[in-house]
Amino acid sequence: MKSLFWKIFVSFWLALALFAGLTLWMTSYYLENIRREASSDQPRNNIIEYVRQARALAQDSDINKLQDWLRQLDKREAIPYLLLDKKGVDLLKRSVPLYLQRRVSRLEYRYLYSEHEEDDDSEHRNRRPHHRPIIINGKRYRLMPDFRSITLNRILDRPRIIATPILLAALISGIICLLLARYLTAPIGRLRQATQKLAQGDLTQRVSPSMGKRKDEIVELANDFDYMAEQLQALIGSHKQLLRDASHELRSPLARLQVALGLARQRGDDSKTQELDRIEREAERLNELIGQLLTLARLETNTTEIEYNAIDLTALLEQIVEDAAFEAHASNRQVNIIQSVPVTIKGNSVLLSSALENVVRNAIRYTAEETAVEVSMSEDAEKPGWIVIKVRDHGPGIPEQMLESIFEPFVRVGLARDRQSGGYGLGLAIAKRAVHLHGGQMTAVNEDDGLSILIYLPELKSSE
Amino acid sequence: MPRILLADDDVELADMLVEYLSQEGFEVDTAHDGKTTLQKALDGHYELIILDVMMPELNGFDVLRQLRTQSQVPVLMLTARGEDVDNIVGLEIGADDYLAKPCNPRVLVAHMRAILRRSEQATANTPAKADSLTIGDIELQRSARRVLLNHKAVTVTSTEYRVLEVLLEEAGHVVSKQELSARALGRELNLYDRSLDMHVSNMRKKLGPLADGEERIKTIRGVGYQYSYQHSGA
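Definitions and cut-offs
Residues numbered from 1 in each chain as written. Chains lettered and ligands numbered in written order. Predicted model: local features only at pLDDT ≥ 70, side-chain atom pairs only at ≥ 80, totals over all residues. Helix = DSSP H or I, 4+ residues; strand = E, 2+ residues; numbered from the N terminus. Buried ≥ 20, exposed ≤ 12 C-beta atoms within 10 Å, placed from the backbone. Contact = placed C-beta atoms within 7 Å. Expected span 1.5 Å × (residues − 1). Pairing = 2+ DSSP bridges. Axes fitted to C-alpha atoms, helices over the stretch in contact; angles between N-to-C directions. Core = buried A, V, L, I, M, F, W, Y, C linked by C-beta atoms within 7 Å.

Participant: Is there a simple way to think about the overall build of chain A in this case?
Facilitator: In terms of helices and strands, chain A carries 12 helices and 10 strands. Taking all 464 residues of chain A together, 24% fall into the buried category. Put simply, 69% of the contacts in chain A that link residues at least 6 apart link residues at least 24 apart.

Put into structure tokens, the structure is as follows:
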């Protein structure tokens, strides 16, 4: 019974069978019980009680009251109680089975041939209290339970009779089904959570340990999930490691190249200055690219070593904008802070400044000449406790379908890797990764004339 | 000729750098692993040590840490590019400056000259200035290049000493980052360069706040730094 298939099959089957069986058994038990009482000589206590009630009502001589009482009784009891006169006619004109008519005439016969008082008889009272007559307006009636006419239909029409056992059965089977449903869906929920986290890039998600001692298809699925996550982690890990190692290895020949270049310059051959300048420039580009690659690889692999402190984000942003403005001035562009609020956040100043720097410098690169990059920082109106930094340029903007992908490495808007735009398509990837490590988010939005990069970061509560 | 120790495990690179640097007028000694570097650095009298982080046996940080327990010789760290954290770690444990590797040898020479100029200024007696400078609970003994906090010596690197000296000389006034960089580091302030901020932050950590809990070295946003001058206490 380890497999989920059998678990579901057996428990549903059992629950259904249990409910149906219990209901049937309860009803037939009830019927049996009544039959047994009918055949025994011992009168049921409640018949005696009903006779007593009827006799009490009869004293008021109001036949309507007695009829009402009889109707109420019929609604309540599964057994039809008939009130028969000496000819065997029911007070409510219900049909009377033959055996009861015979019994009435037998009783009537016995009554006529015995000496007794009209109203009450001590022998009757002592031996057969349920046979005592009910006399109203001089007419004599007898209360007769019609045991043979009791049907399943009558019982089901009067649910009060078997309400307790049915409720109990419903409750028990309900609890069983609830537990079963919980048992079946709880691990699916956990699996789903893990899948979502995995999709968000958290490759360390595993679900098997939370499955306890279960052994069924869901656990097999969980094991498969874990295996998949492990394979993914290993694969992506090795890719990142490869990227990192390759970048590292590239540095050594580049370092030698630069020194060799320096030596070539020292030897002083003026005729080749132009070529040497070119080589130096390209070496510098290569150098920067490797630096960015390493930064990215580091952000994606060694994230546990990063130290977080309280940082004055306002000052940090001002510092970066100031530096960037100086740089932008050289290319006839401006960078301005148009709005700012005092903000402290928990973070790593190196990572944060490189993130902001990359975004601002990227904006300078794309904004049109004679225009300004506008930087603003404000409280997030939609999310209390968050701040949003907006860096807006006045450039060409980007196609809508690329708004997401510009944060991926080496994705650039222009198909031609034009030198003018500079950069290597890594700046925004580094920025996004760094912001991500701070629990924040980054999005891009097209404006009328240009692009806005929005950085959302959680603010540090003053109490922390 | 200034004597320099170059520690780098890339032998080929080191050989080329030796050639380049001797052309620039330096006398260069080399070491290719951490242990040898530490030994040579402690034995020989070098004016500057260029220390690569990536080295076998003892890495650059370990060498620097052990070296600083015994010597305050100027150290220029070569850190891996793209590993910004390394730069900070280097400065925190007492490097005077850092450069991301690979770097242009011309830039390397410029940084080396700046460091050497600073230490020369320090060793050459400057008779125009008084030997002792006391502001509040801090005392600078210029000839010995010592910093005393409440008459107790505080270990500082030569760069940190220079930064503190400039700030104390201008105590109560704001010193711009450009000026501080020029006077204390001997070079122009580069864009996006946070090494000055690191040195100041190190000094704050080593000296702690003022007696009344106020920040000793204030950051004047967008301008520079200011050493708090206490009129009542001084």
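Next comes the rest of the write-up.
Participant: So what exactly am I meant to see when it comes to unusual backbone geometry here?
Facilitator: Note: most residues except glycine have negative phi, and most peptide bonds are trans. The amide bond that connects Lys101 of chain B to the next residue, Pro102 of chain B, takes the cis arrangement and shows omega of 10°. Residue position: Pro102 of chain B is located in the loop between β5 (97-101) and α5 (105-123). The phi torsion at Asn332 of chain A lies on the positive side, around 65°, for a residue other than glycine. Among the secondary structure elements, Asn332 of chain A is positioned in the loop between α10 (313-329) and β5 (334-339). Located in the positive-phi region is His151 of chain B, a residue other than glycine, with phi close to 70°. For His151 of chain B, the position within the fold is in the loop between β8 (146-149) and β9 (152-154). Take His151 of chain B: there are 7 C-beta atoms within 10 Å of it, and that puts it in the exposed class.

Participant: I'm lost on helix α6 (residues 158-169) of chain B in this one. Help?
Facilitator: In an α-helix, one turn spans 3.6 residues, which is why side chains three or four residues apart end up on the same side. Between its first and last C-alpha atoms α6 of chain B spans 16 Å; for 12 residues at 1.5 Å apiece the expected length is 16 Å, and the two agree. What α6 of chain B keeps buried is the set Thr159, Glu160, Tyr161, Arg162, Val163, Leu164, Glu165 and Leu167 of chain B.

Participant: Help me out: how do you make sense of the sheet that holds strand β2 (residues 134-136) of chain A in this one?
Facilitator: Strands belonging to one sheet form pairs held by backbone hydrogen bonds; the direction of such a pair is parallel or antiparallel. All names here are of chain A. Here we have three strands laid out as an open sheet, ordered β1-β3-β2, and antiparallel in their pairing. A strand with exactly one partner marks an edge of an open sheet, and here the two such strands are β1 (81-85) and β2. Each strand axis lies, on average, 35° off the axis of its neighbour in the sheet, ignoring direction. Strand contacts of helix α2 (residues 45-58): β1, β2 and β3 (139-145), with the helix running at about 15° to β2, the strand carrying the most contacts.

Participant: Whenever I open this one, the nonpolar core confuses me. Can you help?
Facilitator: Within soluble globular proteins, side chains that are nonpolar generally end up buried alongside one another. By size, the foremost hydrophobic cluster in this structure holds 86 residues, and its most contacted members are Val359 and Val360 of chain A together with Ile49 and Leu51 of chain B. At nine residues, the largest contribution of residues to this core is made by helix α11 (residues 349-366) of chain A. The residues touching Ile49 of chain B, leaving out its near neighbours within four places in the chain, are Leu5, Ala7, Ala41, Val73 and Val75 of chain B. Core analysis: the second largest hydrophobic core is formed by 20 residues, Val51, Ala58, Leu70 and Ile134 of chain A among them.

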